There are 2 protein chains.
Amino acid sequence: MKTKAILCSPGKKVRLDRLPTDAEGGGEAKAEAVERTESIRPQLRSLQERLYAEGKRGLIVVFQAMDTGGKDGAVRGLFTGLDPAGVQVTGFKGPTSAELAHDYLWRIHAMVPPRGMIGVWNRSHYEDVLAVRVRKLVPDEVWRRRFEHINAFEKMLVDEGMVLVKYFLHISHDTQRKRLEERLADPSKHWKFDPADLEDRLHWDAYQSAYQDVLEKCSTPWAPWKVIPADRKWARNFALMNDLVEVLQGMDPKPPPARFDLSRVVIR
Amino acid sequence: MKTKAILCSPGKKVRLDRLPTDAEGGGEAKAEAVERTESIRPQLRSLQERLYAEGKRGLIVVFQAMDTGGKDGAVRGLFTGLDPAGVQVTGFKGPTSAELAHDYLWRIHAMVPPRGMIGVWNRSHYEDVLAVRVRKLVPDEVWRRRFEHINAFEKMLVDEGMVLVKYFLHISHDTQRKRLEERLADPSKHWKFDPADLEDRLHWDAYQSAYQDVLEKCSTPWAPWKVIPADRKWARNFALMNDLVEVLQGMDPKPPPARFDLSRVVIR
């Protein structure tokens, strides 16, 4: 079981074609990964409870990926079973007209969770330097400035008590083809099939290159990116579960001490 | 009529005790200032209409001042008579518990107006490096980091199409005393009298020094501070009206051209 999150070093060039998308091992490895993912889940649950009880810091988990990269599945795989009162999942779809009338960080900032909570972002402000860039929705000089905004925005969040974890779910061109074919073949998955995904697939290289820029320019000491090999869902989920629990253990949230002398409390 | 907004140069030390709070001239000067303020008002109105019609950029006008400095009066004096659909006034009072559970810019960003609008902020994110600092509500290292956050936040807003105008209404220690006395003497002004203002008056020097830091560290090429001599309300309003109209003239908002050939339109 060697599938692990790959940390992007701040300022270092990233070559996605040299980073693994696949996991090692077959059926046995899968059974083991699934079992170990489940065996860690109670720790995630208990850490989330402690974060909530502490109420001083918050956690934001960002998921970005190519189409069919597994964002929905990763959110489900990681956060199912947690107290839903402590987890706030936001899927950032195409912006509304009210959102477009504001700066691109306006709707993002609004969804930053309060202290004590875990905010899960399925897509994020990074679309404003990814899809927006590849589809040429704004002039070059507009999206180029945004790397700096984003780093400053995330720095502010971290200074004010948030922890940011950013996962890029890394799949191969071939895996995307297979998954799109599956969606077409399975009527229960038709609702997920968007012809626009085919259009975006034609721009695979442009997206990979835009992602490389994001991973290089927005991996900061305060909010680094992590690449998750994601061709196999079980390996992806195992790597994510492991990494997220490690992050929360590092935060070591502590419920505040009792505000009264417990030995004197009498329940009548 | 020499009362004018004083522009703070980015990075330059500010000595508030060397900047005027008073205006020249007596009764005649006042009559002239009031008349000229009113004669400019239609320009402000027309510029606001053009900004709205253009719908591409927005304007944020920030007011900060010591207690009794005239923020409410300035907002009334400047924006009364404009189309209220194009103006959004926000008074940032003490934060709610939901606001306190987020970073200090969260509630501010939420109130950034959409493009086409004028947002008027009576107090602002600057309280988080002013009152919060003087009242020691957070450790020193926390508010010190905020100057950088604020500059980056404002840079992002400007890059994305907003114009920021920041006015510090500058009054003397003596003017504050007189105005607090007036509030006490006039029952119709009692609702404005807050005993906490007396507490803050005791910290006058600490506040002036905190303001000096703000004017020095957060006057940027993209969003400079302006000091308005504000001991006399008529002079203050004249200086503000003049300056704001100049800012909007500089923006030169233009309604978009007709999207159809007007000569072919027939109303049946």
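Quantities reported herein were computed from a predicted structural model and do not represent experimental measurements.

Basis of the calculations
- Residues numbered from 1 in each chain as written.
- Chains lettered and ligands numbered in written order.
- Predicted model: local features only at pLDDT ≥ 70, side-chain atom pairs only at ≥ 80, totals over all residues.
- Heavy atoms only, no water.
- Helix = DSSP H or I, 4+ residues; strand = E, 2+ residues; numbered from the N terminus.
- Rg over C-alpha atoms; globule rule 2.2 N^0.38 Å.
- Contact = heavy atoms within 4.5 Å.
- Areas by Shrake-Rupley, 256 points an atom, 1.4 Å probe, with all protein chains shown as cover.
- Lys, Arg positive; Asp, Glu negative; His and termini not counted.
- Charge placed at Lys NZ, Arg CZ, Asp CG, Glu CD.
- Phe/Tyr/Trp six-rings, centres within 6.5 Å; stacked < 30°, edge-to-face > 60°.
- Buried < 20%, exposed > 50% of the residue type's maximum accessible area, 1.4 Å probe, protein only.
- Least-squares fit on C-alpha atoms with pLDDT ≥ 70 in both.
- Salt bridge = Lys/Arg side-chain N within 4 Å of Asp/Glu carboxyl O.
- 1 Å grid on protein atoms, 1.4 Å probe; cavity = no way out; pocket = protein on both sides within 12 Å on 5 of 7 lines; lining within 4 Å.
- Points joined across faces, edges and corners; volume = space filled by probe spheres on them.
- Nonpolar A, V, L, I, M, F, W, Y, C, P; charged D, E, K, R; others polar.
- Pairing = 2+ DSSP bridges.
- Polar contact = N/O pair within 3.5 Å; in protein donor to acceptor, adjacent residues only side chain to side chain.
- Axes fitted to C-alpha atoms, helices over the stretch in contact; angles between N-to-C directions.
- Expected span 1.5 Å × (residues − 1).

Caption draft 1: Spatial organisation of the overall build of chain A. Within chain A one finds ten helices and six strands. Computed over the C-alpha atoms, the radius of gyration of chain A is 20 Å, within 12% of the 18 Å expected from 2.2 N^0.38 for a compact globule of 268 residues. In chain A, the share of contacts with a sequence separation of at least 24, taken over all contacts with a separation of at least 6, comes to 82%. Looking at chain A as shown, the accessible area adds up to about 13,200 Å², and 54% of this sits on carbon and sulfur atoms. Each charge class in chain A was averaged separately, 43 positive and 38 negative side chains, and the resulting centres sit 3 Å apart.

Caption draft 2: Main features of the packing of aromatic side chains. Tallying each qualifying case throughout the model produces ten aromatic pairs over all chains. Geometrically, the ring pair formed by Phe63(A) and Tyr167(A) is tilted, given 5.7 Å between the ring centres and 35° between the ring planes. Residue Phe63(A) is found in strand β2 (residues 58-65), and its partner Tyr167(A) is found in strand β5 (residues 162-170); the two are separated by 104 residues along the sequence. Among the residues examined, Tyr167(A) registers a relative accessible area of 0% and is labelled buried. Here Phe92(B) and Trp121(B) contribute two aromatic rings whose centre-to-centre distance is 5.7 Å and whose plane-to-plane angle is 90°, an arrangement assigned as edge-to-face.

Caption draft 3: Expanded view of the relation of the copies chain B and chain A. Superposing chain B onto chain A takes a rotation of 180° combined with a translation of 0.0 Å along the rotation axis, leaving an RMSD of 0.1 Å. Both copies are brought into coincidence by an operation consistent with a two-fold rotation axis. Interface overlap between copies: 100% of the residues of chain B at the interface are likewise at the interface in chain A, consistent with a symmetric, same-surface contact.

Caption draft 4: Fine view of the pattern of salt bridges. In the structure shown here, the tally under the stated rule is 52 salt bridges over all chains. The residue Arg135(B) makes a salt bridge to Asp200(B) at a minimum N-O spacing of 2.6 Å. Of this pair, Arg135(B) sits in the loop between α5 (131-134) and α6 (140-159) while Asp200(B) is found in helix α8 (residues 195-202), placing the two residues 65 residues apart along the sequence. By relative accessible area, Asp200(B) is classed as buried at 8%. One continuous salt-bridge network, built from bridges that share partners, spans Asp174(A), Arg177(A), Lys178(A) and Glu181(A).

Caption draft 5: How the structure looks around empty space enclosed by the protein. Under the criterion given, the structure shown has one cavity of 30 Å³ or more. Its volume calculated, the largest cavity comes out at about 100 Å³. Together, Leu105(A), His109(A), His149(A), Ala152(A), Phe153(A), Met156(A), Leu105(B), His109(B), His149(B), Ala152(B), Phe153(B) and Met156(B) line the largest cavity. Contributing elements (two or more residues each) for the lining of the largest cavity: α6 (140-159) of chain A together with α6 of chain B. Residue composition of the lining of the largest cavity, by class: eight nonpolar, four polar and no charged.

Caption draft 6: View of the pairing of strand β6 (residues 225-229) of chain B. All names here are of chain B. Within β6, five of the five residues are buried, leaving the element largely enclosed by the surrounding structure. The sheet contact formed by strand β1 (residues 6-7) and β6 spans two bridges and is antiparallel. Directly across from Leu-7, in β6, lies its bridge partner Lys-226. Note that strand β5 (residues 162-170) and β6 share five bridges and pair parallel. Opposite Phe-168, over in β6, you have Val-227 as the bridge partner.

Caption draft 7: Looking closely at the side chain of Arg133(A). Residues and elements named next belong to chain A. Looking at the element boundaries, Arg-133 is found in helix α5 (residues 131-134). Only 2.9 Å separates the side chain of Arg-133 from the side chain of Asp-213, close enough to count as a polar contact. When sequence neighbours within four positions are dropped, the list of residues in contact with Arg-133 reads Trp-143, Phe-147, Ser-209, Ala-210 and Asp-213.

Caption draft 8: Broad picture of the sheet that holds strand β4 (residues 118-122) of chain A. Residues and elements named next belong to chain A. Read across the open sheet, the six strands follow the order β1-β6-β5-β2-β4-β3; overall the sheet is mixed. Across the chains shown, the open sheet's two edge strands, defined by having one partner strand only, are β1 (6-7) and β3 (87-91). Across the sheet, α6 lies against β2 and β5, angled at about 135° from β5, the strand it touches most.

Caption draft 9: Geometry of helix α9 (residues 204-217) of chain A. All names here are of chain A. The end-to-end C-alpha distance of α9 is 20 Å, a good match for the 20 Å that 14 residues give at a rise of 1.5 Å each. For α9, a buried count of ten out of 14 residues is recorded, marking the element as mostly surrounded by other parts of the structure. Regarding α9, the residues found buried are Trp-204, Tyr-207, Gln-208, Ala-210, Tyr-211, Gln-212, Asp-213, Val-214, Leu-215 and Glu-216.

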